[in-house]
Amino acid sequence: MKIPRPYYLNQLVSGMGNGFIKIATGLRRCGKSYLLFNLFADYLKESGIDESHIIKVDLEDIRNIELRDPINLVRHIDSRMRDQAMYYILLDEVQHVERFVDVLNSYLKIENADVYVTGSNSKFLSSDIVTEFRGRGDEIHIYPLTFAEIYSVYGGDKSELWKDYITYGGLPHILSLDSHQKKATYLKNLYKTVYLKDLEERNKISKVAEFIELVHIIASSIGSPCNPAKLANTFNSVSKSELSRQTVATYLGYMEDAFLIEMAKRYDVKGKKYINTLSKYYHTDIGVRNAILDFRQQEETHIMENVIYNELLVRGYSVDVGMVEVKGRDADNEWYRRQLEVDFVANMASKRYYIQSALAIPDKEKMKQESASLRNISDAFKKIIIVRDHINPWYTEDGILILGLFDFLLNPESLDL
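A. Geometry of the overall build of the protein chain. If you tally the helices and strands in the protein chain, you get 15 helices and 13 strands. Projected onto its principal axes, the C-alpha coordinates of the protein chain cover approximately 85 × 50 × 45 Å. Taken over 417 residues, the protein chain has a buried fraction of 51%. In the protein chain, 67% of the contacts between residues at least 6 apart in sequence involve partners at least 24 apart. Carbon and sulfur atoms make up 48% of the accessible area of the protein chain, which totals about 19,900 Å². Taking the 53 positively charged and 59 negatively charged side chains of the protein chain as two groups, their mean positions are separated by 3 Å.

This is the structure in structure tokens:
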């Protein structure tokens, strides 16, 4: 089954010959290798590039273990470049190569070498490539399959597909499995034998049991405001051992670097500043999150919020968690001050959207509750509530767009309806 993924393929195509190293990053097994070795390689061949000028090296393959040595890799690539025509060098999981920055820098100086690499750890991108390439590294971040990408292949009943999506997520291999047992087993094994093992070995984690417990706590608290101190308190109250705030912060960084989770910072909408006290953590893939919890906690409300967050990131938005402070007098004429939450503040260039996620709005009281923070924002940017119900888009008297979940997920222009 071929899922074209044009959004990412177009980014690779538009970067051809620009003198940059094209770096595809993302969670392991999210489809980076397929994008590079199949979709992009097929595009090159269909564009008339001779296959001998497409050099592919899978550095996760044990048969290529000798090529993890930088000198051997350079010699291998050089031996394939036999004329002055352009060569397209595709390297999968380049972080396995020692001194890979030196290798990649070597090909920046060769005019007929166009280099594309994948990597599954943001550390190598942020601390090495961005610095060493001095602006000549071009990152393309890949996410698991979106609901729309899967629907484009399967079609059919959206509600049934949604049930599968919020259970098993969007890792491409899931689509080839035909039962709950096979899908659940694949995800649980992937978490334990790939993600967890990789995190332990790469970061030399000594408190493995404590780290695993923290991973479970994060998976259990989608969309809950927290910070390392709060998480440390939670951990220490439910566990026989203890973790310091600093250790929790370090472990969270490991999870972010492996693309398992993303952090959404808290933003004061009226004060126009970030608040460092609390943030939220969302999972890159819902299926992996469910596997961490052995498929025992599948609250649709929180998972829907996570899916909306991921969809906004895929579309290229910078996403924060909003806070609106409200002051007034209560029924007893006493002054009060409250903080109301905006689920997401999505920004892209001059565009901004304030977005709430609501499973359902069955009555006026629920509408008042869900729209409270949005009604207290005075600027002119668009305000939206996304609901699980299958409804036609409509506007409230306060100018808030009520948008059905499937309209949002399946229409990339839906925020501008």
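B. Region of the structure containing the pattern of salt bridges. Scanning the entire structure with this criterion turns up 26 salt bridges. In this structure, a network of salt bridges that share partners links the residues Arg28, Arg29, Lys32, Glu60, Glu93, Asp198 and Arg202.

C. Inspection of the nonpolar core at higher detail. Formed by 97 residues in total, the largest nonpolar core has its most connected members in Trp162 and Leu312. With 9 residues, helix H8 (residues 180–203) is the largest single contributor of residues to this core. Once residues within four sequence positions are removed from consideration, Trp162 is found in contact with Phe147, Glu300, Met304, Val307, Arg388, Leu405, Phe406 and Leu409.

D. Layout of the environment of Ile49. When you line up the elements, Ile49 lands in the loop between helix H2 (32–46) and strand E2 (54–58). As a C-alpha pair, Ile49 and Arg5 span 44 residues in sequence and 21 Å in three-dimensional space.

E. Fine view of the sheet that holds strand E5 (residues 137–141). Within the open sheet, the 5 strands sit side by side as E2-E3-E4-E1-E5. Their pairing is parallel. At either end of the open sheet lies a strand with only one pairing partner, and these are E2 and E5. Here the strands of the sheet are splayed against their neighbours by 15° on average, with no regard to which way each runs. Taken together, the 5 bridges between E2 and strand E3 (residues 87–92) define a ladder with parallel strand orientation. Across the sheet, Asp58 pairs through a bridge with Asp92, a residue of E3. Sitting on the sheet, helix H3 (residues 70–80) touches E2 and E3, and the angle it makes with E2 is about 155°. In the packing of helix H4 (residues 100–108) onto the sheet, the strands contacted are strand E1 (21–25), E3 and strand E4 (113–119), and the crossing angle to E4 comes to about 155°.

F. Inspection of the packing of helix H10 (residues 228–238) against helix H11 (residues 245–257) at higher detail. Between H10 and H11, the shortest axis-to-axis distance is 8 Å and the interhelical angle comes to 105°. With respect to their mutual orientation, H10 and H11 come out roughly perpendicular. Contact residues: H10 offers Pro228, Ala229, Leu231 and Ala232, while H11 offers Arg245, Val248, Ala249 and Leu252.

G. Inspection of the sheet that holds strand E8 (residues 318–329) at higher detail. With respect to topology, 8 strands assemble into an open sheet ordered E7-E6-E8-E9-E10-E11-E13-E12, the strand pairing being mixed. Sheet topology places strand E7 (273–283) and strand E12 (394–395) at the edges, where each strand pairs with a single neighbour. In the sheet, strand E6 (residues 261–268) pairs with E7 via 8 bridges, with the strands oriented antiparallel. When the bridges of E7 are listed, Ile261 appears paired with His283.

H. Spatial organisation of the packing of aromatic side chains. Under the counting rule described, the total for this entry stands at 15 aromatic pairs. Where Phe147 meets Phe406, the ring centres are 5.6 Å apart and the plane angle is 10°; that geometry is what we call stacked. Of this pair, Phe147 sits in helix H6 (residues 147–154) while Phe406 is found in helix H15 (residues 405–410), placing the two residues 259 residues apart along the sequence. When sorted by exposure, Phe147 lands in the same class as Phe406, which is buried. With 5.1 Å between their ring centres and 85° between their planes, Phe211 and Tyr251 make a pair best called edge-to-face. Residue Phe211 is located in helix H9 (residues 208–220), and its partner Tyr251 is located in helix H11; the two are separated by 40 residues in the primary sequence.

I. Representation of a nonpolar patch on the surface in the model. A cluster of nonpolar side chains, contributed by Met1, Val153 and Tyr154, occupies part of the molecular surface with about 310 Å² of accessible area. Topologically, Tyr154 is positioned in helix H6. A relative accessible area of 41% means that Tyr154 is categorised as partly exposed.

J. Main features of the side chain of Glu149. Inspection of the secondary structure puts Glu149 in helix H6. Discounting residues that sit within four places of it in the chain, Glu149 has contacts with Ile3, Arg5, Tyr8 and Pro144.

Conventions and cut-offs
- Residues numbered from 1 in each chain as written.
- Predicted model: local features only at pLDDT ≥ 70, side-chain atom pairs only at ≥ 80, totals over all residues.
- Heavy atoms only, no water.
- Helix = DSSP H or I, 4+ residues; strand = E, 2+ residues; numbered from the N terminus.
- Buried < 20%, exposed > 50% of the residue type's maximum accessible area, 1.4 Å probe, protein only.
- Contact = heavy atoms within 4.5 Å.
- Areas by Shrake-Rupley, 256 points an atom, 1.4 Å probe, with all protein chains shown as cover.
- Lys, Arg positive; Asp, Glu negative; His and termini not counted.
- Charge placed at Lys NZ, Arg CZ, Asp CG, Glu CD.
- Salt bridge = Lys/Arg side-chain N within 4 Å of Asp/Glu carboxyl O.
- Core = buried A, V, L, I, M, F, W, Y, C linked by side-chain atoms within 4.5 Å.
- Pairing = 2+ DSSP bridges.
- Axes fitted to C-alpha atoms, helices over the stretch in contact; angles between N-to-C directions.
- Parallel < 35°, antiparallel > 145°, perpendicular 65-115°, else oblique.
- Phe/Tyr/Trp six-rings, centres within 6.5 Å; stacked < 30°, edge-to-face > 60°.
- Patch = residues over 30% accessible without salt bridge, like charges linked within 9 Å, V, L, I, M, F, W, Y side chains within 5 Å.

Take it as geometry only, folks, not as evidence of what the structure does.
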